[in-house]
Amino acid sequence: MAVRVQSEAFDVGVESARMTKGRRDVGAVASFVGIAREDNPDEGAEPVIAMTLEHYPGMTERQLEAIEAEARARWPLLDCLIIHRYGRFEPGDPIVLVLTLSSHRQVAFDACQFLMDWLKTKAPFWKQEETASGARWVASRKSDDAAAEKWSKPS
Amino acid sequence: MKILYFAWLRTEIGLAEESASPPASIKTAGALIDWLAALSPGHAAAFEKRDSIRVAIDQEFAELDSCLSGASEVAFFPPVTGG
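Below or above, wherever it landed, is the structure these notes cover. (Residues numbered from 1 in each chain as written. Chains lettered and ligands numbered in written order. Predicted model: local features only at pLDDT ≥ 70, side-chain atom pairs only at ≥ 80, totals over all residues.)

1. Structural notes on the overall build of chain B
For chain B, the count of helices and strands is 3 helices and 5 strands. Its C-alpha atoms put chain B at 35 × 30 × 20 Å along the principal axes. The buried share among the 83 residues of chain B stands at 33%. Within chain B, contacts between residues separated by at least 24 positions form 53% of all contacts whose residues are at least 6 apart in sequence. (Helix = DSSP H or I, 4+ residues; strand = E, 2+ residues; numbered from the N terminus. Buried ≥ 20, exposed ≤ 12 C-beta atoms within 10 Å, placed from the backbone. Contact = placed C-beta atoms within 7 Å.)

Okay, structure coming up:
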C-alpha cells in the first residue's frame with residue numbers, strides 16, 4: 001500500500017511487476033492511468049498546449065492516504081498504489097496512476113474506480129491550462145462530484 | 001497563524017503564503033476571509049468570489065463556518081481539479 005506524490009514520470013509496467021513479484025495470491029491487477037490531453041471539453045475552446053498541476057504538499061499525502069485507507073476498508077485489496085504527479089505536462093504525458101491488486105477482478109476494478117473518483121474531488125490538486133491565448137485555471141466539474149457521490153454509503 | 005493560497009487565489013493575491021495574527025474575535029474561517037480581504041486590494045478581489053473558495057484548517061477540509069480554535073495553518077483554494 002503506497003501513495004507517492006512526485007514530479008517524475010512513472011512506468012505502469014514496472015510498478016505492476018514490482019507489486020506482483022513473488023506473490024501467488026494475486027488474481028487481478030486493475031490500473032488506471034490519467035493522461036494530459038489536448039482537447040478542451042469546453043465548446044469551441046482552443047487546444048491545450050500544456051497544463052501545470054499545483055498541489056498542497058503535506059495535505060495531498062494525507063488526503064491520498066485517507067482515500068487509500070477508505071478503499072482498503074471497503075474492499076479486500078491485496079495491495080494498491082497511487083502515484084500523482086505535479087508540475088508542467090504536455091498532451092500525452094501521464095499524470096496519475098492507480099493500481100489495485102486483489103484475488104478477483106471485480107474488487108480490483110471497483111476499488112480502482114473508487115480511488116480515482118474520490119481522488120478527483122478530495123485530493124488538493126489544481127490544474128492550470130495553457131492555450132494559444134494564455135493560461136487559465138480549470139474549473140471543477142459537476143460530473144466529477146456526481147462520480148464521487150455515487151460511492152457514498154447510505155446513512 | 002500561517003495562511004496558504006493555491007491556484008487562482010495565489011495568483012490573484014500574489015502570495016503563496018503569509019503569516020497573519022487575526023484578533024481573537026475572528027473565530028471562523030469565514031470571519032478570517034473578511035479580515036484578510038481588508039489587507040489589500042488583491043486580497044479583496046480574490047476573496048470576493050466567496051462561493052468559489054474552499055478552506056482547509058490544519059490540512060483538513062473544513063467549512064466557512066468551521067471554528068479556527070487553535071489552528072496553526074489555514075489554506076484557501078478553489079474546488080480541486082486533479083486526477
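2. A few points about the overall build of chain A
For chain A, the count of helices and strands is 4 helices and 8 strands. Starting at the N terminus, the α and β elements of chain A follow one another as β-α-β-β-α-β-β-β-α-β-β-α. Rg of the C-alpha trace for chain A: 16 Å, near the compact-globule value of 15 Å for 155 residues, within the 12% margin. For chain A, the spread of C-alpha atoms along the principal axes amounts to about 55 × 40 × 30 Å. By the burial criterion, 32% of the 155 residues in chain A qualify as buried. Across chain A, the fraction of contacts at a sequence separation of at least 24, relative to all contacts at a separation of at least 6, is 75%. (Rg over C-alpha atoms; globule rule 2.2 N^0.38 Å.)

3. Here's the deal with the sheet that holds strand S8 (residues 134–137) of chain A
Residues and elements named next belong to chain A. What the 4 strands build is an open sheet, ordered S5-S3-S7-S8; its pairing is antiparallel. Strands at the two margins of the open sheet, each flanked by one partner only, are strand S5 (87–89) and S8. Across the sheet, the mean angle from the axis of one strand to that of its neighbour is 25 degrees, orientation sign disregarded. Looking at chain direction, strand S7 (residues 125–131) and S8 are connected through 4 bridges and run antiparallel. Within S8, the residue paired with Thr131 across the bridge is Gly134. (Pairing = 2+ DSSP bridges. Axes fitted to C-alpha atoms, helices over the stretch in contact; angles between N-to-C directions.)

4. A closer look at the packing of helix H3 (residues 105–122) of chain A against helix H4 (residues 142–149) of chain A
When two helices pack together, their arrangement is given by the angle between the helix axes and the distance between those axes. Residues and elements named next belong to chain A. Two elements in contact, H3 and H4, have axes separated by 8 Å at closest approach and are oriented at 130 degrees. One element, H3, and the other, H4, form an angle in the oblique class. The interaxial crossing formed by H3 with H4 has left-handed handedness. Counted together, Asp117, Trp118, Lys120 and Thr121 of H3 and Asp144, Asp145, Ala147 and Ala148 of H4 form the full contact between these two elements. Its residues placed into classes, the contact of H3 with H4 shows 3 nonpolar, 1 polar and 4 charged. (Parallel < 35°, antiparallel > 145°, perpendicular 65-115°, else oblique. Left-handed = near helix turned anticlockwise from the far one by under 90°. Nonpolar A, V, L, I, M, F, W, Y, C, P; charged D, E, K, R; others polar.)

5. So, the nonpolar core
Grouped together as the largest cluster of nonpolar side chains are 56 residues, with contacts concentrated most on Ala111 and Leu115 of chain A together with Phe6, Leu9, Val55 and Ala75 of chain B. No other element matches H3 of chain A, which puts 8 residues into this core. Residue contacts for Ala75 of chain B: discarding those within four places in its chain leaves Tyr56 of chain A together with Leu4, Phe6, Val55 and Ala56 of chain B. (Core = buried A, V, L, I, M, F, W, Y, C linked by C-beta atoms within 7 Å.)

6. Regarding the environment of Pro78 of chain B
With respect to the helices and strands, the residue Pro78 of chain B is situated in the segment after strand S5 (73–77). The spacing of Pro78 of chain B and Ser52 of chain B is 26 residues in sequence and 5.7 Å in space, taken between C-alpha atoms. Each residue touching Pro78 of chain B, except ones within four places of it in the same chain, is listed here: Trp126 and Trp137 of chain A together with Ala7, Trp8, Leu9, Ser52, Ile53 and Arg54 of chain B.

7. Re the interface of chain A and chain B
At the interface, 21 residues of chain A touch 13 residues of chain B. Contributing elements (two or more residues each) for the side of chain A that touches chain B: strand S3 (50–55), helix H2 (59–74), H3 and S7 of chain A. When residues of the side of chain A that touches chain B are assigned to their parent elements, the largest contribution, 4 residues, is made by H3 of chain A. For the side of chain A that touches chain B, the class distribution of residues is 12 nonpolar, 5 polar and 4 charged.

8. Details of unusual backbone geometry
Residue and element names in this part refer to chain B. Positive phi is not limited to glycine here, since Ala7 has a value of about 55 degrees. Taking the number of C-beta atoms within 10 Å as the measure of exposure, Ala7 has 23 and is therefore buried. For Gln59, which is not glycine, the phi torsion reads 70 degrees and is therefore positive. With respect to the element layout, Gln59 can be found in the loop between strand S3 (54–57) and strand S4 (60–62).

9. Focus on the sheet that holds strand S1 (residues 2–6) of chain A
Residues and elements named next belong to chain A. The 4 strands lie next to each other as S1-S4-S6-S2, forming an open sheet whose pairing is mixed. Strand pairing shows two members of the sheet lacking a second neighbour, S1 and strand S2 (28–35), which therefore form its edges. Taking the axes of each pair of neighbouring strands and ignoring which way they run, one obtains an average angle of 10 degrees across the sheet. Here 8 bridges tie S2 to strand S6 (residues 94–102), and the two strands are oriented antiparallel to one another. Looking across to S6, one finds that Ala28 is bridged to Ser102. The strands touched by helix H1 (residues 12–20) are S2, strand S4 (79–85) and S6; relative to S6, the strand with the most contacts, the crossing angle is about 25 degrees. Packed on one face of the sheet, H3 meets S2, S4 and S6 and runs near 145 degrees to S6.

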